[in-house]
Amino acid sequence: MPIHFNNAGAGLMPPAVTQAMTGYLAEEAQGGAYETEQRHAETLEQGVYERLARVLDAPVDDIALFDSATRAWSSAVSHLPFAAGDRIWVTPYEYAGNLILWTELRRRLDLHIEVVPLLHDGDVDLDWMSAHIGDDVAFVSVPHVPSGCGIVTPVEEIGKILAPWRCLYGVDACQSVGQLPVSTASIGCDLLTAAGRKYLRGPRGTGFAAIGPRLRAQASPPFYDLHIADMVADDDYEVRTEGARQFEYAERGNPGVMGLDAAARHHLARSDGGPGPLRDAVREAVEGRPGTRLIDPGSVHAAIVTFTHDRVSPQDIRAGLRRRGVNVWIAQGSHTPLYMRTVGIEYAVRVSPHHYNSPADVETFAVALRDVLR
Ligand SMILES: Cc1ncc(COP(=O)(O)O)c(C=O)c1O
């Protein structure tokens, strides 16, 4: 088995997750998919929502399931009634998928997208935010941890700055759920989105969101699916919920939902402190090699270490480490484009351990890296 240091891509699913999925799939194949769904209705309709609500420290009514984090984000954001001239704040760490949506909305609706500046060390300039916030800011969009490097954005402090104002506040927690404590209640955000497959260790094709009542009251999705809406006359329909499930579609891959539920249970039962200490060891191993350059802005860091080398390409480093039994991934500059362009990074090696990795794994990584960069 390789040492898996690509949890920022997708974490390894624990056995409970694969068993939940394969067991459910076998039941579907033998007993019928609709019948199996009925048998597991408690988990699929209620339990998974309750457990994700606990994972995110959010009301259960705010939870909705999607097939990716991007779908979660775009489902919630794209139906907001922005007005021409509204200001949208992003940070330089914004994920490219979210930026594509902002860019499209700007084109259609004449919004102003403003990039919150950074301090010298790469931290988001909170004083700038406090000084420039006003009621023409309609949405503030912040990644808790970006895709391309390990900086942790102070989402709670930002929430306090924004609280008195009319803006909606969205946090992309794709890289933090499962590795850092995440509490929508403490953050005070109106939207928080994540993928199941990363540090939560759920299956691919799953995503979820906490969509708060302020955002729900403002959004007007053009369509509601049959799990929550009925045609009550030939020309009229009614929506049965004011909860976040109005943003979902009815059909979904239930084996994946069962896997996501098992991942949430597994996470809630964990008592370790997360992968934080391993990050420092990985960082030291990288820093110890001559010619490496860390892309490591900010003062608080999650377990994502990104670097380049002055002689060996990121692709060759990844391939060399893979041959030596260590999985790492390539961070593409274009996925965190605003920041990566300013520091001139097109590709970098991204090393992302989890709590199930050990100091011995880091040692193996350090030896392999020394070999590859020799
Ligand atoms: C910070 C961040 N946001 C959003 C996403 C998008 O997630 P998905 O591929 O599930 O849409 C990613 C994926 O890597 C990410 O790192």
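The preceding data block contains the structure.
Rules of the game
Residues numbered from 1 in each chain as written. Predicted model: local features only at pLDDT ≥ 70, side-chain atom pairs only at ≥ 80, totals over all residues. Heavy atoms only, no water. Salt bridge = Lys/Arg side-chain N within 4 Å of Asp/Glu carboxyl O. Helix = DSSP H or I, 4+ residues; strand = E, 2+ residues; numbered from the N terminus. Buried < 20%, exposed > 50% of the residue type's maximum accessible area, 1.4 Å probe, protein only. Axes fitted to C-alpha atoms, helices over the stretch in contact; angles between N-to-C directions. Left-handed = near helix turned anticlockwise from the far one by under 90°. Contact = heavy atoms within 4.5 Å. Nonpolar A, V, L, I, M, F, W, Y, C, P; charged D, E, K, R; others polar. Patch = residues over 30% accessible without salt bridge, like charges linked within 9 Å, V, L, I, M, F, W, Y side chains within 5 Å. Areas by Shrake-Rupley, 256 points an atom, 1.4 Å probe, with all protein chains shown as cover. Lys, Arg positive; Asp, Glu negative; His and termini not counted. Charge placed at Lys NZ, Arg CZ, Asp CG, Glu CD. 1 Å grid on protein atoms, 1.4 Å probe; cavity = no way out; pocket = protein on both sides within 12 Å on 5 of 7 lines; lining within 4 Å. Points joined across faces, edges and corners; volume = space filled by probe spheres on them. Domains from an automatic or database assignment.

A.B. asks: Run through the pattern of salt bridges, naming residues and quoting values.
C.D. replies: The full count for this structure, using the stated rule, is 21 salt bridges. A salt bridge links Glu-104 to Arg-108; the nearest nitrogen and oxygen atoms lie 2.9 Å apart. Linking Glu-104 with Arg-108, this pair stays in helix α5 (residues 96–109), spanning four residues, or about one helical turn. Residue Glu-104 is classed as partly exposed on the basis of its relative accessible area, which comes to 28%. Using a relative accessible area of 62% as the deciding quantity, one classes Arg-108 as exposed.

A.B. asks: An account of the packing of helix α3 (residues 41–56) against helix α10 (residues 254–268) is needed here, citing residue identities and associated values.
C.D. replies: At a closest axis distance of 9 Å, the pairing of α3 and α10 adopts a crossing angle of 35°. The two elements α3 and α10 cross, and the hand of that crossing is left-handed. On the side of α3, the interface is formed by Thr-43, Leu-44, Gly-47, Val-48, Arg-51, Leu-52, Arg-54 and Val-55, while α10 contributes Asn-254, Val-257, Met-258, Leu-260, Asp-261, Ala-264, Arg-265, His-267 and Leu-268. Split by residue class, the contact of α3 with α10 holds nine nonpolar, four polar and four charged.

A.B. asks: Residue-level account of a negative patch on the surface, with values.
C.D. replies: Among the surface-exposed residues, Asp-234, Asp-235, Asp-236 and Glu-238 lie close enough to one another that they form a single negatively charged patch. Here Asp-236 lies in strand β10 (residues 236–239). Exposure remark for Asp-236: the relative accessible area of 39% places this residue in the partly exposed category.

A.B. asks: Help me get a handle on the environment of Leu-111, residues and values and all.
C.D. replies: In this structure, Leu-111 sits in the loop between α5 and β4 (112–115). According to the relative accessible area criterion, Leu-111 is buried, its value standing at 2%. In this structure the C-alpha to C-alpha distance between Leu-111 and Ala-83, which are 28 residues apart in sequence, comes to 7.3 Å.

A.B. asks: Residues and numbers for the layout of surface pockets, please.
C.D. replies: By rolling a water-sized probe across the atoms, one finds the places where empty space is left. Within this model, the largest pocket holds a volume of roughly 610 Å³. In this structure, the largest pocket is lined by 34 residues; those nearest its centre are Ala-8, Gly-9, Tyr-95, Arg-197 and Lys-198. Elements supplying a minimum of two residues to the lining of the largest pocket: α4 (69–77), β14 (329–332) and β15 (347–351). Sort the elements by how many residues they give to the lining of the largest pocket and β14 lands first, with four residues. Counting the residues that make up the lining of the largest pocket, at least three belong to each of domain 1 (3–10 + 273–372) and domain 2 (15–268).

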